[in-house]
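Each chain, letter by letter, is given below.
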Amino acid sequence: MIIDPKYKRIALIIGFTLAVLLMAWFLYSVFFLPALMAILPLRKKKVKPADSDIMDHFANFVIRYHNRLFWGMLAAIILLAIQIPRIEINDIFEKYFDHRYSFRNDTDFVIDNLTGFESIEYSLKSSEAGGISTPQYLAKLEEFKKWYVKQPNVKYVGSITDIMKRLNRNMHDDNDKMYRLPGERNLAAQYLLMYEMSLPYGLDLNNQINVDKSSTRMVVTLQTLSTNQLIELEKRSDQWLEENASYIKAAAASGPTMMFAHIGKRNIISMLAGTTIALVLISLIMIIALRSFKLGLTSMVPNLVPAAMGFGLWGIFVGEIGLGLSVVTSMTLGIVVDDTVHYMSKYRRARVEKGFDSEQAVRYAFTSVGRALMVTSVVLIAGFLVLSFSAFKLNSDMGLLTALVIALALLADFLLLPTLL
(Lines give C-alpha, C1' and ligand atoms only; values in the text may rest on other atoms or scores of the structure.)
Protein backbone atom coordinates (compact mmCIF):
# COMPACT_ATOMS: atom_id res chain seq x y z
CA MET A 1 0.00 0.00 0.00
CA ILE A 2 1.46 3.37 -1.09
CA ILE A 3 1.58 6.10 1.56
CA ASP A 4 0.86 9.66 0.44
CA PRO A 5 4.12 11.73 0.57
CA LYS A 6 2.12 14.45 2.35
CA TYR A 7 1.66 12.19 5.39
CA LYS A 8 5.33 11.24 5.33
CA ARG A 9 6.25 14.94 5.49
CA ILE A 10 3.83 15.48 8.37
CA ALA A 11 5.37 12.52 10.26
CA LEU A 12 8.88 13.89 9.63
CA ILE A 13 7.88 17.36 10.85
CA ILE A 14 6.31 15.94 14.02
CA GLY A 15 9.32 13.72 14.71
CA PHE A 16 11.81 16.55 14.09
CA THR A 17 9.81 18.93 16.30
CA LEU A 18 9.72 16.44 19.17
CA ALA A 19 13.45 15.79 18.81
CA VAL A 20 14.18 19.53 18.98
CA LEU A 21 11.93 19.96 22.01
CA LEU A 22 13.62 17.07 23.83
CA MET A 23 17.05 18.48 23.05
CA ALA A 24 15.95 21.89 24.31
CA TRP A 25 14.55 20.28 27.46
CA PHE A 26 17.92 18.55 28.04
CA LEU A 27 19.98 21.70 27.49
CA TYR A 28 17.77 23.85 29.73
CA SER A 29 17.76 21.18 32.46
CA VAL A 30 21.55 20.74 32.40
CA PHE A 31 22.72 24.32 31.87
CA PHE A 32 19.98 26.82 32.67
CA LEU A 33 18.26 25.20 35.66
CA PRO A 34 21.45 24.70 37.75
CA ALA A 35 22.49 28.30 37.08
CA LEU A 36 19.04 29.54 38.05
CA MET A 37 19.09 27.50 41.25
CA ALA A 38 22.51 28.93 42.10
CA ILE A 39 21.37 32.55 41.98
CA LEU A 40 17.90 32.17 43.50
CA PRO A 41 17.68 33.03 47.24
CA LEU A 42 16.52 29.60 48.39
CA ARG A 43 16.56 28.64 52.03
CA LYS A 44 17.74 25.26 53.07
CA LYS A 45 14.94 23.36 54.74
CA LYS A 46 15.66 20.79 57.37
CA VAL A 47 14.07 17.44 56.56
CA LYS A 48 12.46 15.75 59.50
CA PRO A 49 13.35 12.09 59.97
CA ALA A 50 9.63 11.27 60.05
CA ASP A 51 9.36 12.27 56.37
CA SER A 52 10.88 8.97 55.30
CA ASP A 53 9.07 6.72 57.78
CA ILE A 54 6.66 5.37 55.17
CA MET A 55 9.44 4.51 52.74
CA ASP A 56 11.47 2.99 55.60
CA HIS A 57 8.61 0.67 56.50
CA PHE A 58 8.03 -0.19 52.85
CA ALA A 59 11.74 -0.90 52.31
CA ASN A 60 11.77 -3.18 55.36
CA PHE A 61 8.71 -5.01 54.00
CA VAL A 62 10.36 -5.55 50.60
CA ILE A 63 13.62 -6.70 52.16
CA ARG A 64 11.89 -9.05 54.59
CA TYR A 65 9.74 -10.74 51.94
CA HIS A 66 12.00 -10.30 48.91
CA ASN A 67 11.89 -14.00 47.94
CA ARG A 68 8.09 -14.17 48.00
CA LEU A 69 7.79 -10.87 46.19
CA PHE A 70 10.23 -11.96 43.49
CA TRP A 71 8.47 -15.24 42.74
CA GLY A 72 5.05 -13.64 43.02
CA MET A 73 5.97 -10.86 40.59
CA LEU A 74 7.62 -13.38 38.23
CA ALA A 75 4.47 -15.52 38.21
CA ALA A 76 2.29 -12.45 37.56
CA ILE A 77 4.55 -11.32 34.72
CA ILE A 78 4.46 -14.74 33.05
CA LEU A 79 0.69 -15.13 33.46
CA LEU A 80 0.06 -11.71 31.94
CA ALA A 81 2.68 -11.92 29.20
CA ILE A 82 1.21 -15.16 27.80
CA GLN A 83 -2.09 -13.29 27.31
CA ILE A 84 -0.57 -10.92 24.75
CA PRO A 85 -1.20 -13.29 21.77
CA ARG A 86 -4.93 -12.99 22.54
CA ILE A 87 -4.84 -9.38 21.36
CA GLU A 88 -6.23 -8.82 17.88
CA ILE A 89 -5.24 -5.86 15.72
CA ASN A 90 -8.49 -4.10 14.94
CA ASP A 91 -8.85 -0.56 13.64
CA ILE A 92 -12.44 0.22 12.66
CA PHE A 93 -12.80 3.88 11.77
CA GLU A 94 -16.47 4.31 12.63
CA LYS A 95 -15.85 2.88 16.11
CA TYR A 96 -13.36 5.64 16.89
CA PHE A 97 -16.36 7.58 18.17
CA ASP A 98 -18.67 6.41 20.94
CA HIS A 99 -22.43 6.84 21.06
CA ARG A 100 -22.15 10.39 22.36
CA TYR A 101 -21.59 11.39 18.73
CA SER A 102 -24.54 11.44 16.33
CA PHE A 103 -22.14 10.29 13.60
CA ARG A 104 -21.67 6.95 15.37
CA ASN A 105 -25.40 6.44 15.88
CA ASP A 106 -26.16 7.31 12.25
CA THR A 107 -23.41 5.02 11.02
CA ASP A 108 -24.69 2.11 13.11
CA PHE A 109 -28.18 2.65 11.67
CA VAL A 110 -26.79 2.59 8.12
CA ILE A 111 -24.85 -0.62 8.81
CA ASP A 112 -27.78 -2.36 10.48
CA ASN A 113 -30.52 -1.32 8.07
CA LEU A 114 -29.06 -0.17 4.74
CA THR A 115 -25.60 -1.15 3.61
CA GLY A 116 -22.06 -1.55 4.91
CA PHE A 117 -19.91 1.41 5.90
CA GLU A 118 -16.58 -0.17 4.96
CA SER A 119 -15.40 -0.73 1.42
CA ILE A 120 -12.40 -1.86 -0.61
CA GLU A 121 -11.71 -0.11 -3.90
CA TYR A 122 -9.72 -1.54 -6.81
CA SER A 123 -8.15 0.13 -9.81
CA LEU A 124 -8.04 -2.72 -12.34
CA LYS A 125 -5.70 -1.88 -15.19
CA SER A 126 -5.67 -3.40 -18.68
CA SER A 127 -2.64 -3.71 -20.95
CA GLU A 128 -3.42 -0.78 -23.29
CA ALA A 129 -5.42 2.40 -23.80
CA GLY A 130 -9.03 1.50 -24.47
CA GLY A 131 -8.31 -2.00 -23.17
CA ILE A 132 -11.34 -2.06 -20.90
CA SER A 133 -13.51 -2.77 -23.98
CA THR A 134 -11.78 -6.05 -24.81
CA PRO A 135 -13.99 -9.11 -24.16
CA GLN A 136 -11.17 -10.88 -22.30
CA TYR A 137 -10.71 -8.00 -19.86
CA LEU A 138 -14.44 -7.67 -19.23
CA ALA A 139 -14.80 -11.43 -18.76
CA LYS A 140 -12.03 -11.53 -16.14
CA LEU A 141 -13.44 -8.47 -14.44
CA GLU A 142 -16.83 -10.17 -14.22
CA GLU A 143 -15.22 -13.35 -12.84
CA PHE A 144 -13.39 -11.30 -10.21
CA LYS A 145 -16.64 -9.62 -9.25
CA LYS A 146 -18.47 -12.97 -8.93
CA TRP A 147 -15.61 -14.32 -6.83
CA TYR A 148 -15.98 -11.40 -4.44
CA VAL A 149 -19.77 -11.79 -4.26
CA LYS A 150 -19.26 -15.33 -2.94
CA GLN A 151 -16.94 -14.20 -0.15
CA PRO A 152 -18.39 -13.96 3.37
CA ASN A 153 -19.27 -10.52 4.77
CA VAL A 154 -19.50 -8.96 1.29
CA LYS A 155 -22.71 -6.97 0.79
CA TYR A 156 -22.31 -5.51 -2.69
CA VAL A 157 -19.78 -5.37 -5.54
CA GLY A 158 -20.06 -2.64 -8.16
CA SER A 159 -18.14 -2.57 -11.48
CA ILE A 160 -18.42 -1.37 -15.07
CA THR A 161 -19.60 -4.83 -16.14
CA ASP A 162 -23.00 -4.08 -14.60
CA ILE A 163 -23.45 -1.17 -17.01
CA MET A 164 -22.18 -3.23 -19.95
CA LYS A 165 -24.64 -6.07 -19.32
CA ARG A 166 -27.52 -3.68 -18.81
CA LEU A 167 -26.72 -1.83 -22.06
CA ASN A 168 -26.45 -5.10 -23.96
CA ARG A 169 -29.89 -6.10 -22.71
CA ASN A 170 -31.37 -2.69 -23.54
CA MET A 171 -30.01 -2.85 -27.07
CA HIS A 172 -31.68 -6.24 -27.55
CA ASP A 173 -35.21 -5.09 -26.73
CA ASP A 174 -34.78 -5.67 -22.97
CA ASN A 175 -34.41 -9.40 -23.48
CA ASP A 176 -33.31 -10.83 -20.14
CA LYS A 177 -31.36 -13.56 -21.95
CA MET A 178 -29.09 -10.84 -23.35
CA TYR A 179 -28.12 -9.61 -19.88
CA ARG A 180 -24.52 -10.51 -20.54
CA LEU A 181 -21.28 -8.91 -21.65
CA PRO A 182 -20.88 -7.98 -25.32
CA GLY A 183 -18.73 -10.44 -27.25
CA GLU A 184 -16.85 -7.89 -29.41
CA ARG A 185 -14.48 -5.08 -28.52
CA ASN A 186 -15.96 -2.59 -30.99
CA LEU A 187 -19.45 -3.27 -29.70
CA ALA A 188 -18.38 -2.70 -26.07
CA ALA A 189 -16.62 0.55 -27.07
CA GLN A 190 -19.74 1.75 -28.89
CA TYR A 191 -21.88 0.94 -25.86
CA LEU A 192 -19.62 3.06 -23.67
CA LEU A 193 -19.63 5.94 -26.15
CA MET A 194 -23.41 5.85 -26.50
CA TYR A 195 -23.91 5.65 -22.74
CA GLU A 196 -21.60 8.57 -22.02
CA MET A 197 -23.25 10.72 -24.72
CA SER A 198 -26.68 9.98 -23.26
CA LEU A 199 -25.75 11.19 -19.79
CA PRO A 200 -26.83 14.69 -18.67
CA TYR A 201 -24.33 17.54 -18.92
CA GLY A 202 -21.70 17.36 -16.21
CA LEU A 203 -22.09 13.62 -15.63
CA ASP A 204 -19.75 11.00 -17.03
CA LEU A 205 -18.09 7.70 -16.13
CA ASN A 206 -14.86 9.22 -14.85
CA ASN A 207 -15.75 7.94 -11.40
CA GLN A 208 -15.53 4.39 -12.80
CA ILE A 209 -13.07 4.54 -15.73
CA ASN A 210 -10.00 6.68 -16.38
CA VAL A 211 -9.59 9.11 -19.28
CA ASP A 212 -7.80 6.80 -21.74
CA LYS A 213 -10.09 3.90 -20.81
CA SER A 214 -7.21 1.69 -19.74
CA SER A 215 -8.50 0.87 -16.22
CA THR A 216 -11.75 0.64 -14.30
CA ARG A 217 -12.81 0.99 -10.70
CA MET A 218 -14.45 -1.76 -8.67
CA VAL A 219 -15.97 -1.09 -5.25
CA VAL A 220 -16.57 -3.88 -2.72
CA THR A 221 -18.93 -2.94 0.12
CA LEU A 222 -18.38 -4.97 3.29
CA GLN A 223 -19.85 -5.62 6.66
CA THR A 224 -17.74 -4.48 9.60
CA LEU A 225 -14.56 -6.60 9.62
CA SER A 226 -11.53 -6.70 11.87
CA THR A 227 -8.12 -5.64 10.62
CA ASN A 228 -6.90 -9.23 10.35
CA GLN A 229 -10.00 -10.24 8.38
CA LEU A 230 -9.51 -7.34 5.97
CA ILE A 231 -5.85 -8.14 5.39
CA GLU A 232 -6.68 -11.82 4.90
CA LEU A 233 -9.38 -10.91 2.37
CA GLU A 234 -6.92 -8.69 0.52
CA LYS A 235 -4.39 -11.54 0.36
CA ARG A 236 -6.99 -13.93 -1.04
CA SER A 237 -8.08 -11.43 -3.68
CA ASP A 238 -4.47 -10.75 -4.73
CA GLN A 239 -3.87 -14.48 -5.01
CA TRP A 240 -7.00 -14.96 -7.15
CA LEU A 241 -5.96 -12.15 -9.50
CA GLU A 242 -2.47 -13.57 -9.84
CA GLU A 243 -3.74 -17.05 -10.64
CA ASN A 244 -6.79 -16.27 -12.80
CA ALA A 245 -6.69 -12.76 -14.26
CA SER A 246 -3.89 -12.57 -16.81
CA TYR A 247 -5.66 -9.79 -18.75
CA ILE A 248 -5.71 -7.55 -15.67
CA LYS A 249 -2.20 -6.17 -15.52
CA ALA A 250 -2.34 -4.31 -12.21
CA ALA A 251 -4.75 -4.23 -9.30
CA ALA A 252 -4.23 -2.67 -5.88
CA ALA A 253 -6.72 -2.67 -3.02
CA SER A 254 -7.12 0.82 -1.59
CA GLY A 255 -9.49 3.08 0.29
CA PRO A 256 -9.70 4.34 3.90
CA THR A 257 -10.66 0.88 5.16
CA MET A 258 -7.48 -0.71 3.83
CA MET A 259 -5.41 2.27 4.92
CA PHE A 260 -6.47 1.93 8.56
CA ALA A 261 -6.05 -1.87 8.36
CA HIS A 262 -2.42 -1.54 7.29
CA ILE A 263 -1.39 1.51 9.28
CA GLY A 264 -2.23 -0.09 12.63
CA LYS A 265 -0.29 -3.24 11.81
CA ARG A 266 2.70 -1.32 10.47
CA ASN A 267 2.76 0.97 13.50
CA ILE A 268 2.79 -1.98 15.88
CA ILE A 269 5.61 -3.71 13.99
CA SER A 270 7.58 -0.45 13.91
CA MET A 271 6.83 0.11 17.60
CA LEU A 272 8.20 -3.31 18.55
CA ALA A 273 11.32 -2.83 16.44
CA GLY A 274 11.91 0.70 17.73
CA THR A 275 11.32 -0.29 21.34
CA THR A 276 13.73 -3.20 21.04
CA ILE A 277 16.45 -0.96 19.61
CA ALA A 278 15.74 1.66 22.28
CA LEU A 279 16.01 -0.91 25.08
CA VAL A 280 19.36 -2.14 23.77
CA LEU A 281 20.74 1.40 23.50
CA ILE A 282 19.34 2.38 26.91
CA SER A 283 20.93 -0.69 28.47
CA LEU A 284 24.30 0.20 26.93
CA ILE A 285 24.00 3.74 28.27
CA MET A 286 23.02 2.41 31.70
CA ILE A 287 26.04 0.09 31.72
CA ILE A 288 28.30 3.05 30.93
CA ALA A 289 26.58 5.44 33.35
CA LEU A 290 26.43 2.98 36.26
CA ARG A 291 29.82 1.47 35.37
CA SER A 292 28.40 -1.96 35.94
CA PHE A 293 27.48 -4.57 33.35
CA LYS A 294 25.29 -6.42 35.84
CA LEU A 295 23.32 -3.34 36.90
CA GLY A 296 22.89 -2.25 33.29
CA LEU A 297 21.34 -5.58 32.31
CA THR A 298 19.24 -5.65 35.47
CA SER A 299 17.75 -2.29 34.51
CA MET A 300 16.24 -3.88 31.37
CA VAL A 301 13.80 -5.91 33.46
CA PRO A 302 11.76 -3.06 35.01
CA ASN A 303 11.91 -1.23 31.66
CA LEU A 304 10.38 -4.10 29.71
CA VAL A 305 8.01 -5.65 32.24
CA PRO A 306 5.38 -2.84 32.56
CA ALA A 307 4.47 -2.86 28.85
CA ALA A 308 4.29 -6.66 28.79
CA MET A 309 2.02 -6.73 31.84
CA GLY A 310 -0.10 -3.84 30.58
CA PHE A 311 -0.75 -5.40 27.19
CA GLY A 312 -1.40 -8.74 28.89
CA LEU A 313 -4.14 -7.18 31.02
CA TRP A 314 -5.48 -5.46 27.92
CA GLY A 315 -5.60 -8.82 26.14
CA ILE A 316 -7.68 -10.29 28.98
CA PHE A 317 -10.23 -7.50 29.37
CA VAL A 318 -10.37 -5.88 25.91
CA GLY A 319 -8.60 -8.08 23.37
CA GLU A 320 -8.21 -5.45 20.63
CA ILE A 321 -5.65 -2.79 19.85
CA GLY A 322 -5.60 -0.17 17.14
CA LEU A 323 -3.81 2.93 15.99
CA GLY A 324 -4.11 4.74 19.32
CA LEU A 325 -2.47 1.93 21.31
CA SER A 326 0.33 1.27 18.85
CA VAL A 327 2.32 4.18 20.35
CA VAL A 328 1.85 3.38 24.04
CA THR A 329 5.01 1.31 24.52
CA SER A 330 7.32 3.80 22.85
CA MET A 331 5.57 6.72 24.58
CA THR A 332 5.75 5.25 28.09
CA LEU A 333 9.28 3.89 27.71
CA GLY A 334 10.82 7.25 28.60
CA ILE A 335 8.73 7.53 31.76
CA VAL A 336 9.52 3.97 32.81
CA VAL A 337 13.22 4.38 32.13
CA ASP A 338 13.30 7.65 34.09
CA ASP A 339 12.02 5.91 37.23
CA THR A 340 14.52 3.08 36.80
CA VAL A 341 17.43 5.49 36.33
CA HIS A 342 16.59 7.35 39.54
CA TYR A 343 16.32 4.18 41.58
CA MET A 344 19.44 2.51 40.11
CA SER A 345 21.59 5.63 40.49
CA LYS A 346 20.71 5.93 44.18
CA TYR A 347 21.33 2.22 44.70
CA ARG A 348 24.77 2.40 43.07
CA ARG A 349 25.66 5.54 45.04
CA ALA A 350 24.83 3.73 48.28
CA ARG A 351 26.95 0.72 47.29
CA VAL A 352 29.97 2.58 45.89
CA GLU A 353 30.18 5.88 47.77
CA LYS A 354 28.64 4.94 51.11
CA GLY A 355 29.83 1.32 51.22
CA PHE A 356 26.39 -0.09 52.05
CA ASP A 357 25.49 -3.71 51.50
CA SER A 358 22.61 -4.61 49.16
CA GLU A 359 19.88 -4.40 51.83
CA GLN A 360 21.09 -1.04 53.10
CA ALA A 361 21.42 0.24 49.52
CA VAL A 362 17.84 -0.79 48.73
CA ARG A 363 16.63 0.98 51.85
CA TYR A 364 18.64 4.09 50.93
CA ALA A 365 17.17 4.11 47.40
CA PHE A 366 13.64 3.89 48.78
CA THR A 367 14.14 6.70 51.30
CA SER A 368 15.90 8.90 48.69
CA VAL A 369 13.65 8.66 45.66
CA GLY A 370 10.75 6.39 46.64
CA ARG A 371 8.41 9.21 47.60
CA ALA A 372 9.31 11.23 44.46
CA LEU A 373 8.70 8.24 42.18
CA MET A 374 5.35 7.59 43.81
CA VAL A 375 4.19 11.21 43.57
CA THR A 376 5.23 11.69 39.93
CA SER A 377 3.67 8.36 38.94
CA VAL A 378 0.37 9.17 40.65
CA VAL A 379 0.27 12.57 38.96
CA LEU A 380 0.94 11.02 35.54
CA ILE A 381 -1.62 8.26 36.11
CA ALA A 382 -4.26 10.81 37.10
CA GLY A 383 -3.44 12.96 34.07
CA PHE A 384 -3.70 10.12 31.58
CA LEU A 385 -6.84 8.74 33.22
CA VAL A 386 -8.56 12.01 32.33
CA LEU A 387 -8.08 11.02 28.66
CA SER A 388 -9.92 7.76 29.29
CA PHE A 389 -13.17 9.75 29.58
CA SER A 390 -12.79 11.02 26.02
CA ALA A 391 -15.52 10.16 23.51
CA PHE A 392 -12.79 9.57 20.91
CA LYS A 393 -11.57 5.97 21.16
CA LEU A 394 -7.97 6.69 20.17
CA ASN A 395 -7.62 9.13 23.06
CA SER A 396 -9.56 7.11 25.65
CA ASP A 397 -7.77 3.81 24.98
CA MET A 398 -4.37 5.45 24.82
CA GLY A 399 -4.95 7.30 28.09
CA LEU A 400 -6.24 4.22 29.91
CA LEU A 401 -3.44 1.88 28.77
CA THR A 402 -0.75 4.50 29.38
CA ALA A 403 -2.00 5.03 32.94
CA LEU A 404 -2.02 1.27 33.43
CA VAL A 405 1.56 0.88 32.16
CA ILE A 406 2.82 3.71 34.39
CA ALA A 407 1.12 2.12 37.42
CA LEU A 408 2.71 -1.24 36.59
CA ALA A 409 6.08 0.49 36.13
CA LEU A 410 5.82 1.87 39.67
CA LEU A 411 4.90 -1.62 40.88
CA ALA A 412 7.92 -3.11 39.09
CA ASP A 413 10.28 -0.48 40.51
CA PHE A 414 8.98 -0.97 44.05
CA LEU A 415 8.46 -4.73 44.20
CA LEU A 416 10.54 -6.37 41.43
CA LEU A 417 13.67 -4.25 40.99
CA PRO A 418 14.64 -4.25 44.71
CA THR A 419 14.30 -8.03 44.90
CA LEU A 420 16.59 -8.38 41.87
CA LEU A 421 19.14 -6.07 43.42
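Our structure is the block above this text.
Before going into details, it helps to say that this report is about the structure given with it. Here the structure is a predicted model, which is why all the values come from computation and not from measurement.

Side note on the layout of surface pockets
Where empty space is left can be seen by rolling a probe of water-molecule size over the atoms. Looking at the second largest pocket, its volume works out to about 390 Å³. If you trace the second largest pocket, you find 22 residues lining it, with I84, M271, L272, F311 and T329 closest to the centre. Those elements giving two or more residues to the lining of the second largest pocket turn out to be α9 (256-290), α11 (300-317) and α12 (328-352). Across the lining of the second largest pocket, the residue classes break down as 17 nonpolar, five polar and no charged.

Notes on unusual backbone geometry
In this structure, N153 takes a positive phi of about 70 degrees despite not being glycine. Along the chain, N153 falls in the loop between α5 (135-149) and β3 (154-158). Positive phi, close to 60 degrees, is recorded for D173, a residue that is not glycine. Within the element layout of this structure, D173 appears in the loop between α6 (160-170) and α7 (185-198).

Side note on the packing of aromatic side chains
The tally for this structure, following the rule as stated, stands at 19 aromatic pairs. With a centroid separation of 5.1 Å and 75 degrees between ring planes, the pair formed by W147 and Y148 is classed as edge-to-face. Comparing W147 with Y148, the two get one shared label, buried. Both rings, one in F366 and one in F414, keep their centres 5.4 Å apart while their planes meet at 65 degrees; by these two values the pair is edge-to-face. Taken together, the residues F366 in helix α13 (residues 358-387) and F414 in helix α14 (residues 393-420) connect sequence positions 48 residues apart. Neither residue differs from the other here; F366 and F414 are each classed as buried.

Considerations on the environment of D413
Relative to the helices and strands, D413 is located in helix α14. Among the residues examined, D413 registers a relative accessible area of 0% and is labelled buried. Ignoring anything within four residues of it in the chain, the contact list for D413 reads P302, V336, D339, T340, Y343 and P418.

Structural notes on helix α8 (residues 227-244)
Along its 18 residues, α8 runs 26 Å from first to last C-alpha, staying within 8% of the 26 Å computed at 1.5 Å per residue. On its buried side, α8 packs onto β1 (88-89), β2 (118-125), α5, β4 (215-222), β5 (250-254) and α9.

Quick notes on the sheet that holds β4
Strands pair in a sheet through their backbones, by hydrogen bonds, and they do so in one of two ways: parallel or antiparallel. Reading across the sheet, the four strands line up as β3-β4-β2-β5 and stay open at both edges, with antiparallel pairing between neighbours. Looking at strand neighbours, the two that pair on one side only are β3 and β5, the edges of this open sheet. Direction aside, the axes of adjacent strands within the sheet are offset by 20 degrees on average. Here β3 runs beside β4; their pairing, made up of four bridges, is antiparallel. Along β4, the bridge assignment pairs G158 with V219.

As for the packing of α12 against α14
Packing of α12 against α14 brings their axes to within 10 Å, and their N-to-C directions diverge by 25 degrees. In terms of their interaxial angle, α12 and α14 are classed as roughly parallel. The element α12 and its partner α14 pack so that their crossing is right-handed. Between α12 and α14, the residues in contact are V328, M331, T332, I335, V336, D339, T340, Y343 and M344 and M398, L401, T402, V405, I406, A409, D413, L417 and P418, respectively. Residue classes in the contact of α12 with α14 are distributed as 13 nonpolar, three polar and two charged.

Conventions and cut-offs
- In this convention, every chain numbers its residues from 1, walking through the sequence in written order.
- With pLDDT at 70 or above as the cut-off, local features in this predicted model cover only qualifying residues; side-chain atom pairs require 80 or more to be listed or tallied, and sums for whole chains, interfaces and linings still use all residues.
- The side-chain figures draw on all heavy atoms in the structure; neither hydrogens nor water molecules are used.
- Two kinds of site are reported from a 1 Å grid over the protein atoms alone, namely cavities, where a 1.4 Å probe fits but cannot get out, and pockets, open sets with protein on both sides within 12 Å along at least five of seven lines, and residues are called lining when an atom falls within 4 Å of a point.
- Grid points are joined across faces, edges and corners, and a volume is the space filled by probe spheres set on the points.
- Secondary structure follows DSSP: runs of H or I at least 4 residues long count as helices, runs of E at least 2 residues long count as strands, and numbering of each begins at the N terminus.
- Just so you know the grouping, Ala, Val, Leu, Ile, Met, Phe, Trp, Tyr, Cys and Pro go in nonpolar, Asp, Glu, Lys and Arg go in charged, and all remaining residues, Gly too, go in polar.
- Two aromatic rings, drawn from Phe, Tyr or Trp (for Trp, its six-membered ring), form a pair once their centres lie within 6.5 Å of each other, and the interplanar angle then sorts them: stacked below 30 degrees, edge-to-face above 60, tilted otherwise.
- Accessible area is worked out with a 1.4 Å probe on protein chains only. A residue is then buried under 20% of its type maximum, exposed over 50%, and partly exposed in between.
- Should any heavy atoms of two residues lie within 4.5 Å, those residues are counted as being in contact.
- Between the first and last residue of a helix there are one fewer steps than residues, each counted as 1.5 Å, and that sum is the expected span.
- What makes two strands pair is DSSP finding at least two bridges between them.
- In this analysis an axis means a line fitted to C-alpha atoms, helices contributing only their contacting stretch, and an angle means the value between N-to-C directions, from 0 to 180 degrees.
- For classification purposes, angles smaller than 35 degrees are called roughly parallel, those larger than 145 roughly antiparallel, those between 65 and 115 roughly perpendicular, and all remaining angles oblique.
- In this scheme, a crossing is called left-handed if the near helix is turned counterclockwise away from the far one by less than a right angle; it is called right-handed if the turn is clockwise.

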